[in-house]
Amino acid sequence: MSIPPPRVQTRSSFPVFKSCLYWHLLAPVHQSGRLAAVKGKFLNSKESITMYRIIQRKRHYWLGLLLLPALAQADVYWGSFTQDSCTIIYPGKRQYSAVLNGIDSSADAQATCLATAASIDGKSYSGPDRCVVDGDTVTGQFDIKDDSCEANWAALVGSSYYTHQDDGCISSGTYAGLHKYSSRLWNIPDDFSWEEACAMMPMTLAGKTYASPDECVNTGGLTGMWGEWYIPDSRCEASPQAYSRGADDSLKRSGTLPGYIDLHSHLMAHLGFGGVIFHGEPYGDPASALGSCPSGDDEAHSGGHSRVEAILQDDYVGAALNTASHESEGYPDFPYWPAYNSYTHQTMYYQWVKRAYEGGMRAMVVLAVNGDYMFGATDNGLPDIIKGIAIASDPTLDLNDMLTLKRQTQAVYDMQTWIDAQNGGSGEGWFRIVSSPSEAQEVISQGKLAVILGSEVDYLLDCEIDSCDSDSLSAGVDELYDLGLRFIFPIHLKTNGFGGAALYNILGSGDSYDCKHYSQDCNVEGLTDDGKTLMSLLMQKGMIIDVGHMSAKSLSDALDIAEAAAYPGIVTGHTGVYDMDNLDNRHEANPRDDSLLRIINLGGMVGLIPGQGDLDQVGEWRNDDGTYIANACGATSQTFVQSYQYLLNLVGDAAYDGRITIGTDFNGFAHMPGPRFGANACPGGSTDIEQPSSSKVVYPFALDNSLRQAATKTDGSTMAEYQFGNRLYDFNTDGAAHMGMMPDFFEDLRQQGLKRSDLEPVYRSADFFTTMWSNAISRAAQLQQQ
C-alpha cells in the first residue's frame, strides 16, 4: 500500500448521487425498499449495497429451496471449478463456477442446480448463489470469500493507516456547518472501475452506515480514488444544542429497578503483575492499606510501580531510563491518588465499593487478573525503547498466571470474611460471593452486593502456544469451577493455546495480517481446537464466557460455537464500540455492530467501559429525531454517553430488559472518565462549546425513586459529596477517581441529557444477569446430554 501524497488541486469530481451511475447501479436497490434515503445517504445494512448484483440472479432461489427435498439426486455432480471475476467487493467475493452433470431430463434444471451442494477449496456450500441454464448446460456460480476482491477505505493519519481522516468543519458552500471526513479507496478489483467501486463502498461514521460517500474524487493513478463524507457535528454548528437535564420519564418495563451489575473489575490486582506494580490494598486499616508508596529509592517501587506508571502515562524514556517518579503520598490526604488518570493505585478500597453499592450497584464481577510477564521482555508489543527491560517483581511471589489466579481468588474470600467481621459475624456483611444465579437473586433481593468470581489471565489453565495440555482441559475447567469461578475469559492480552488475542494500542501478541475491515493489522489466529474444546466445556458448566480481547477471527469462531449451541451465557463486559470510534480506537478489540448484535441475540449482555476515549477517538451520536448530546469534552462521561446512546439504539427494545450495563475495569490499568470542570477539565480535548455550570452534578443528589427502594443507606434517598480521609471528592472536578464515584457518574449523565428511561437498561442489568446465568445453566444441562 503506497502512501498518498497531498490532494492535488486539479481533480475530477464525481458527485455520486447526481450521476447516472447511481441510477444504473443503486436505483434497483433503492426501489426494492431495502434502503432508506436520508439527506441523500443510504443508512441501512452494509449488505444492501451489493443487492443490485444479486436481486435478479436470485429469482429462482426460493423456489429451489421449497423443492429441495424432492429434487435431491444422488447422480448429479459438479465438474471442475473455474475461478472467475470478483462479484462483490465488500466484503470481497469472487465467483467460482462449474457445470452440473447428471441432471435427469425430467427434473427442473434450475431448481436442481440451486439445491446441489459443493465443496470448493475444502469448504462446503449448500448450493450455488446462481444457476445459468443454457440449453442442456447448467452452470452453478458460487460467490466465495476472497481477500483479493475486497476493496477497503484507508487514509494516512500521522504515521498510521486508519479507515478515515478528519478534515474538520466546513465553513461555506454546499456542506457548510457539517464535519468532513475522507478516505482513499484501496484494492479495487480489476473487474470494477474506480467510480463504480466508490459508489458501492460503505463507511460507518459516528454509528451511522453510509452506503457510499457524498463525493467520490478520482485524483489519478498515483493518488487514487477518494471518498468524502459530510456529517452533522455540534462543533461545526453555529448554534449547538444546549445541555439540559434528562427528563424523569416513565420506565419502559414494569417493576422497581433492582440495580446494576459492573461486569468487569479487579479487586485484587495488587496481588498480580509481580506484586509490586500495583499499589494499595482493598481492605484493612486505611493507614496501612492505602498508605504512601515506598520511596523512589526502593528498587521494587522504582523498577516496577514507577516504571509501569510511566509506561501508562506514555513516558517511555522515563521508563527506559528508570528516572520516572510521581507523588507517593496516600492516606489520609491523597494529593495524587486515587485519580481518574492514576493507573497503578488502588481504586477499589472496600468503602469506595460500598458507596457504589449504596448508589445502585447490586452485583459485581471480580476477576483475578494477571499479565504473565505482561510488561517484561516478551511478546508484549511495547515500543522498542523499553523492550528487553525487566520489570521488578516481588521475589516471594510466583508470576505464573494460574497461581496468581488462585491467590487472588482466595483473597476475595478473605475480604468477605473480614467485612463479615465488621458487620456482626459470618454471613452478616453486605459483600456476598455467590456461585449460582439463585444465590445472586437472593442476595440482590436482600439489598446486598452479589459478587461473581472470574478470571482474566493470559494463559488460563497454563495453556500457552504449542504447550497446551489438551487432555487436562476438562479437569482444569472442573478446578476453576470448584474454586468458585463462574465468569471466564478464554483469551486476554496474549495469543495463547486457545486462540488469537486482539491487537490494539501498545499491547497484544501474535502474527498479524492486514484485515481490511479494520484498515489496521489484526491477529491472524482464530480459535484453536483447544479453544473450541474450552468453549464447549465452559458451556457445559453453565459458566459465563467473556469474548473480550479476542481477535476478530477468534470472536467470530466463538460466536459461531455459541450460536450452534444456542448458548446464552456470552458477554463482552468492558468494551468500546468500533462503529462509533475514530483513529486508533478502530481496532479489533472493539467489536463491530454485527458482533454486538450476535451477543445480544444469543441472550447475552454488553458492558461498556466508562473510559471510551478522547474527543477525536469517539464520534458524536445523533438520534433519529436530530437530537443529541454535544460531544465537546473528551475522555469524560460525555464521551461515554455517545457510545452508550449508539448501543441503546442498536439493541433497541431488548435493551430495557437490562442487557446493557457497564464494565468499569477499575484496578485494570484503564483510564476513567475525567472531570468536565476545574483545572483538569476535558483531559481528552475540548471544543469551543461551553460546559455550563447548570450541567454540573449538584450535591446532594437524589437516587432514582424506584432504585431507592433497594438501597441500604439509612435515608436511602440522596448521595452527598463524598469525603474520605482528608479528601473531599467532587465528580465535577475529580471525575471517576475511584469506584465510589460511580453514582455521581450516572448523575452526571442525567445532567447532560440522558432521560430516566435511557438509564433503565443499566439499572435493570443486575437482575438480567441472573436471568442470563439461569438460562445458561438450563442450556448447559441440555448440552451435557448431547
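Refer to the structure printed above.
Everything quoted here is computed from the prediction, not taken from an experiment. (Residues numbered from 1 in each chain as written. Predicted model: local features only at pLDDT ≥ 70, side-chain atom pairs only at ≥ 80, totals over all residues. Heavy atoms only, no water.)

Draft legend 1. Highlighting the nonpolar core. One finds Met364, Phe431, Leu460 and Ile570 to be the most contacted residues of the largest nonpolar core, which totals 120 residues. Ranked by residue count, the leading element in this core is helix α17 (residues 637–651), at eight residues. Ranked by size, the runner-up nonpolar core spans 22 residues in total, among them Ile89, Ala151, Tyr181 and Trp229. (Core = buried A, V, L, I, M, F, W, Y, C linked by side-chain atoms within 4.5 Å. Buried < 20%, exposed > 50% of the residue type's maximum accessible area, 1.4 Å probe, protein only. Helix = DSSP H or I, 4+ residues; strand = E, 2+ residues; numbered from the N terminus.)

Draft legend 2. Main features of the pairing of strand β11 (residues 152–157). Note that β11 and strand β14 (residues 179–186) share three bridges and pair antiparallel. What sits directly across from Trp153, in β14, is Leu185. In this sheet, strand β12 (residues 160–162) lies alongside β11 in antiparallel orientation, the contact comprising three bridges. For Ala155, the partnering residue across the bridge sits in β12 and is Tyr162. (Pairing = 2+ DSSP bridges.)

Draft legend 3. Region of the structure containing the packing of aromatic side chains. A full pass over the atoms with the stated rule returns 36 aromatic pairs. Seen in terms of ring centroids, Phe334 and Trp337 are 5.5 Å apart; in terms of plane orientation they differ by 75 degrees. Their pairing is edge-to-face. A relative accessible area of 0% places Trp337 in the buried class. Pairwise contacts between aromatic rings join Tyr283, Tyr331, Phe334, Trp337, Tyr349, Tyr350, Trp352, Trp418, Tyr722, Phe724 and Tyr729 into one cluster. It is Lys541 that lies over the ring of Tyr481; its NZ or CZ is 4.8 Å from the centre. We note Arg592 situated over the ring of Tyr518; from NZ or CZ to the ring centre the distance is 5.5 Å. (Phe/Tyr/Trp six-rings, centres within 6.5 Å; stacked < 30°, edge-to-face > 60°. Lys NZ or Arg CZ within 6 Å of the ring centre and 35° of its normal.)

Draft legend 4. Here's a closer look at the state of the cysteines. Across all of its chains, the model carries seven disulfides by this definition. At a sulfur-sulfur separation of 1.9 Å, the disulfide partner of Cys198 is Cys216. When the S-S torsion is -90 degrees, as for the bridge of Cys198 with Cys216, the disulfide is left-handed. Placement of Cys198 in helix α6 (residues 194–199) and of Cys216 in strand β17 (residues 215–218) is noted, with a sequence separation of 18 residues between them. Cys216 sits in the buried class, given a relative accessible area of 0%. (Disulfide = S-S within 2.5 Å.)

Draft legend 5. Broad picture of empty space enclosed by the protein. A full pass over the atoms with the stated rule returns seven cavities of 30 Å³ or more. Here the largest cavity is characterised by a volume of approximately 140 Å³. In terms of lining, the largest cavity is formed by 15 residues, of which the most central are Tyr90, Pro202, Met203, His517 and Arg592. Among the elements of the structure, β11 and β15 (203–205) are those that each provide at least two residues to the lining of the largest cavity. Grouping the constituent residues of the lining of the largest cavity by class yields six nonpolar, five polar and four charged. Reported here for the second largest cavity is a volume of approximately 80 Å³. In terms of lining residues, the second largest cavity is bounded by 14 residues, among which Ser342, Thr347, Asn667, Ala670 and Met672 are the most central. Taken together, the residues of the lining of the second largest cavity sort by class into eight nonpolar, five polar and one charged. (1 Å grid on protein atoms, 1.4 Å probe; cavity = no way out; pocket = protein on both sides within 12 Å on 5 of 7 lines; lining within 4 Å. Points joined across faces, edges and corners; volume = space filled by probe spheres on them. Nonpolar A, V, L, I, M, F, W, Y, C, P; charged D, E, K, R; others polar.)

Draft legend 6. Geometry of the pairing of strand β28 (residues 605–608). Neither face of β28 is exposed, since Met605 and Gly607 on one face and Val606 and Leu608 on the opposite face are all buried. Pairing analysis gives three bridges linking strand β27 (residues 570–575) to β28, with the strands arranged parallel. The partner of Thr575 across the bridge, within β28, is Leu608. Assessed by its sense of winding, the connection that carries the chain from β27 through helix α16 (residues 593–602) to β28 is right-handed. Here β28 runs beside strand β29 (residues 660–662); their pairing, made up of three bridges, is parallel. Bridged to Val606 within β29 is Ile660. Between β28 and its parallel partner β29, the chain crosses via α17, and the hand of that crossover is right-handed. (Right-handed = clockwise from strand over helix to strand, strands pointing away.)

Draft legend 7. Region of the structure containing helix α12 (residues 437–445). Buried residues of α12: Pro437, Ala440, Val443 and Ile444, and no others. End-on, the buried residues of α12 take up no more than an arc of 120 degrees, which puts them together on one face. Considering only its buried residues, α12 is in contact with β20 (361–370), β21 (431–434), β22 (449–457) and α21 (765–784). Trailing α12 by a residue or two, Gly447 shows a phi angle of about 75 degrees, which is positive. (Arc of directions from axis to C-beta. Contact = heavy atoms within 4.5 Å.)

Draft legend 8. A negative patch on the surface, seen in detail. Taken together, the side chains of Asp166, Asp167, Asp584 and Asp616 make up a negatively charged region of the molecular surface. The residue Asp584 is located in the loop between β27 and α16 in this model. Judged by its relative accessible area of 31%, Asp584 is partly exposed. (Patch = residues over 30% accessible without salt bridge, like charges linked within 9 Å, V, L, I, M, F, W, Y side chains within 5 Å. Areas by Shrake-Rupley, 256 points an atom, 1.4 Å probe, with all protein chains shown as cover. Salt bridge = Lys/Arg side-chain N within 4 Å of Asp/Glu carboxyl O. Lys, Arg positive; Asp, Glu negative; His and termini not counted. Charge placed at Lys NZ, Arg CZ, Asp CG, Glu CD.)

All we've got here are geometric facts, nothing functional implied.
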